[in-house]
Amino acid sequence: MVLRLHKLTIPSLVAVAGLLLTAAPALALSAGGEASPTEATKVAAPGSLFDAIMFYVVALVTVVSALGVCISKNVVRMAVWLFCTLGCVGLLYFLLAATFVGAIQFIVYVGGTLVLLIFGVMLTSKSPWARYETHPVELSAALVVCVGLFSTLCLVFSSMRWPVVQWETEGTAVRDIGVALLTRYLVPFEAAAVLLFIVMVGAAHLARQEKK
Amino acid sequence: MLTIGLTHYLVVGAALLSCGIYVMSTKRNAIGILIGVELVLNSAAVNFVAFDRFLVQTTLDGQIATLFVIVLAAAEAAIAVAICVNLYKNLTSVDVDQASRLQG
């Protein structure tokens, strides 16, 4: 048991250390943005050196932890790596000046969905260390497909000329998102509300105990 | 190189998408496949926010699309975990290869 815990410790330590390393400057950035809007405009302007370094660090941790999800055989370890990936994607949203979406990512994804997944692991396994082996042929076929997909996408991106506008931003005001949700996006908003209700009833129905 | 543009974020999104597809196609644990789906959804969400930041000027279309992606991902995870629990009740395993009762 001690040995097994030790095995899990490595990815989780990497995850926590990576999050701390990347979260501290991002939090400083967003805190500075709240203090003085002019400062935030300067910091969030695309092209500053700080922005570039932050992006490379966060992107590296995101991709490495996504690869960790691919490589790990154990579903608990996959969940820990996914925790790191989701957190770093949230930090990418902060770097893209989408602060509200970043906050929602942390609250709903990292705080809600991931906990749900871990509960799923807990409820569906005789031991959380159970392994399901995949055939090596399947592994290599999937590897070829995914590397091919990634390189094709990168080729396409490098040849595309996007009509990029680099506009200065102070980050999105939550008010704007609220107004947009209740005017332009009212119908999808209500549809999402109905969907969540149906999901709640459906999940309760699916997971309930059958009376015999 | 030092100017972070749209392409940088798209490459991160592509990496997440490839990893997600790899996880979905190689893991046999149903919860593992769900984790792959989450990765794919996140790659789409990163692309939405990046396009919103770099291509669209005043609308919030990309960010709101991402909010809906997050809502749908939460709903999908709830239903999928309930299905996995049911699968485990019936088969005492979440190996997707064993869930072949409808195959005839």
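These numbers come from a predicted model, not from an experiment.

## Quick notes on the overall build of chain B
Then comes step 1: If you tally the helices and strands in chain B, you get three helices and zero strands.
Then comes step 2: For chain B, the succession of helices and strands along the chain, N to C, is α-α-α.
Then comes step 3: Taking 13 Å as the expected radius of gyration for a compact globule of 104 residues, we find that chain B reaches 17 Å, considerably beyond that expectation.
Then comes step 4: Seen through its principal axes, chain B has C-alpha atoms that stretch 55 × 25 × 20 Å.
Then comes step 5: Per-residue burial for chain B yields a buried fraction of 52% across its 104 residues.

## Thoughts on the overall build of chain A
Then comes step 1: When helices and strands are counted, chain A shows eight helices and zero strands.
Then comes step 2: Traced from its N-terminal end to its C-terminal end, chain A shows the element sequence α-α-α-α-α-α-α-α.
Then comes step 3: Put simply, chain A has 212 residues, and 31% of those count as buried.
Then comes step 4: Partitioning the contacts of chain A with sequence separation of at least 6, the portion at a separation of at least 24 is 68%.

## Some points on the interface of chain B and chain A
Then comes step 1: Each partner contributes residues to the interface: chain B has 59 residues there, and chain A has 71 residues.
Then comes step 2: Considering every element that reaches the side of chain B that touches chain A, the biggest residue donor is helix α3 (residues 61-91) of chain B, with 20 residues.

## Describing helix α5 (residues 99-123) of chain A
All names here are of chain A.
Then comes step 1: Helix length check: α5 (25 residues) gives 34 Å between terminal C-alpha atoms against 36 Å at 1.5 Å per residue, within 8%.
Then comes step 2: By the largest-angle criterion, Tyr-109 marks the main kink of α5, which is about 30°.
Then comes step 3: Considered for burial, the residues of α5 that qualify are Thr-99, Phe-100, Val-101, Gly-102, Gln-105, Tyr-109, Thr-113, Leu-114, Leu-117, Gly-120 and Val-121.

## Considering the confidence of the model for chain B
All names here are of chain B.
Then comes step 1: In this model, chain B carries a mean pLDDT of 89, and residues with pLDDT of at least 70 account for 96%.
Then comes step 2: In the model of chain B, α3 stands out as the element of lowest mean pLDDT, 91, in contrast to helix α1 (residues 6-26), which has the highest, 94.
Then comes step 3: Predicted complex, confidence summary: ipTM 0.91, pTM 0.81.

## A short note on the nonpolar core
Then comes step 1: Counting 75 residues, the largest nonpolar core has Val69(A), Ala79(A), Leu92(A) and Ile35(B) as the members making the most contacts within it.
Then comes step 2: Listed by contribution, the elements that provide at least two residues to this core are α3 (49-71), α4 (75-95), α5 and α6 (136-159) of chain A together with α1, α2 (30-54) and α3 of chain B.
Then comes step 3: Sort the elements by how many residues they give to this core and α4(A) lands first, with 17 residues.

## Re α2(B)
Then comes step 1: Compared with an ideal rise of 1.5 Å per residue, which puts 25 residues at 36 Å, α2(B) spans 37 Å between its outermost C-alpha atoms and is within 8% of the ideal.
Then comes step 2: For α2(B), the buried fraction is high: 20 of the 25 residues fall into the buried class.

## Structural notes on the packing of α3(A) against α4(A)
The description of two packed helices rests on the angle between their axes and on the distance between the axes.
Residues and elements named next belong to chain A.
Then comes step 1: As a packed pair, α3 and α4 sit with axes 8 Å apart at the nearest point and diverge in direction by 155°. One element, α3, and the other, α4, form an angle in the roughly antiparallel class. When the axes of α3 and α4 are compared, the crossing they make is left-handed. On the side of α3, the interface is formed by Asp-51, Met-54, Phe-55, Val-58, Val-61, Thr-62, Ser-65, Ala-66, Gly-68 and Val-69, while α4 contributes Met-78, Trp-81, Leu-82, Cys-84, Thr-85, Cys-88, Val-89, Leu-91, Leu-92 and Leu-95.
Then comes step 2: For the contact of α3 with α4, a count of residues per class yields 15 nonpolar, four polar and one charged.

## Description of the packing of helix α8 (residues 186-207) of chain A against α3(B)
Then comes step 1: Where α8(A) contacts α3(B), the axes come no closer than 9 Å and their chain directions differ by 15°. One way to sum up the angle between α8(A) and α3(B) is to call them roughly parallel. Crossing angle aside, the handedness with which α8(A) passes α3(B) is left-handed. Two secondary-structure elements touch here, α8(A) through Pro188(A), Ala192(A), Leu195(A), Leu196(A), Val199(A), Gly202(A), Ala203(A), Leu206(A) and Ala207(A) and α3(B) through Phe68(B), Val71(B), Ala75(B), Ala78(B), Ile79(B), Ala82(B), Ile83(B), Val85(B) and Asn86(B).
Then comes step 2: Each residue belonging to the contact of α8(A) with α3(B) can be placed in one class, and the counts come to 16 nonpolar, two polar and no charged.

## A closer look at the environment of Leu114(A)
Residues and elements named next belong to chain A.
Then comes step 1: Note on placement: Leu-114 falls in helix α5.
Then comes step 2: On the neighbour-count criterion, Leu-114 (20 C-beta atoms within 10 Å) is buried.
Then comes step 3: C-alpha of Leu-114 to C-alpha of Leu-82: the two residues are 32 residues apart in sequence and 8.1 Å apart in space.

## Section: unusual backbone geometry
Then comes step 1: Although it is not a glycine, Ala97(A) adopts a positive phi angle of roughly 65°.
Then comes step 2: The topology assignment puts Ala97(A) in the loop between α4 and α5.
Then comes step 3: With phi around 50°, Thr92(B) is a residue other than glycine that occupies positive phi space.
Then comes step 4: Inspection of the secondary structure puts Thr92(B) in the segment after α3.

## Thoughts on the confidence of the model for chain A
Then comes step 1: Put simply, chain A has an average pLDDT of 79, and 71% of its residues get 70 or more.
Then comes step 2: pLDDT under 50 marks residues 25-44 of chain A. Its contacts with residues more than four places away, or in other chains, come to 24 contacts.

## Things to note about the environment of Ala141(A)
Then comes step 1: Checked against the element boundaries, Ala141(A) lands in helix α6.
Then comes step 2: Sequence separation between Ala141(A) and Val58(A) is 83 residues, and the spatial gap between their C-alpha atoms is 29 Å.

Calculation notes
Residues numbered from 1 in each chain as written. Chains lettered and ligands numbered in written order. Predicted model: local features only at pLDDT ≥ 70, side-chain atom pairs only at ≥ 80, totals over all residues. Helix = DSSP H or I, 4+ residues; strand = E, 2+ residues; numbered from the N terminus. Rg over C-alpha atoms; globule rule 2.2 N^0.38 Å. Buried ≥ 20, exposed ≤ 12 C-beta atoms within 10 Å, placed from the backbone. Contact = placed C-beta atoms within 7 Å. Expected span 1.5 Å × (residues − 1). Bend = angle between axes of the 7 residues up to and from the residue. pLDDT = per-residue confidence, 0-100. Core = buried A, V, L, I, M, F, W, Y, C linked by C-beta atoms within 7 Å. Axes fitted to C-alpha atoms, helices over the stretch in contact; angles between N-to-C directions. Parallel < 35°, antiparallel > 145°, perpendicular 65-115°, else oblique. Left-handed = near helix turned anticlockwise from the far one by under 90°. Nonpolar A, V, L, I, M, F, W, Y, C, P; charged D, E, K, R; others polar.

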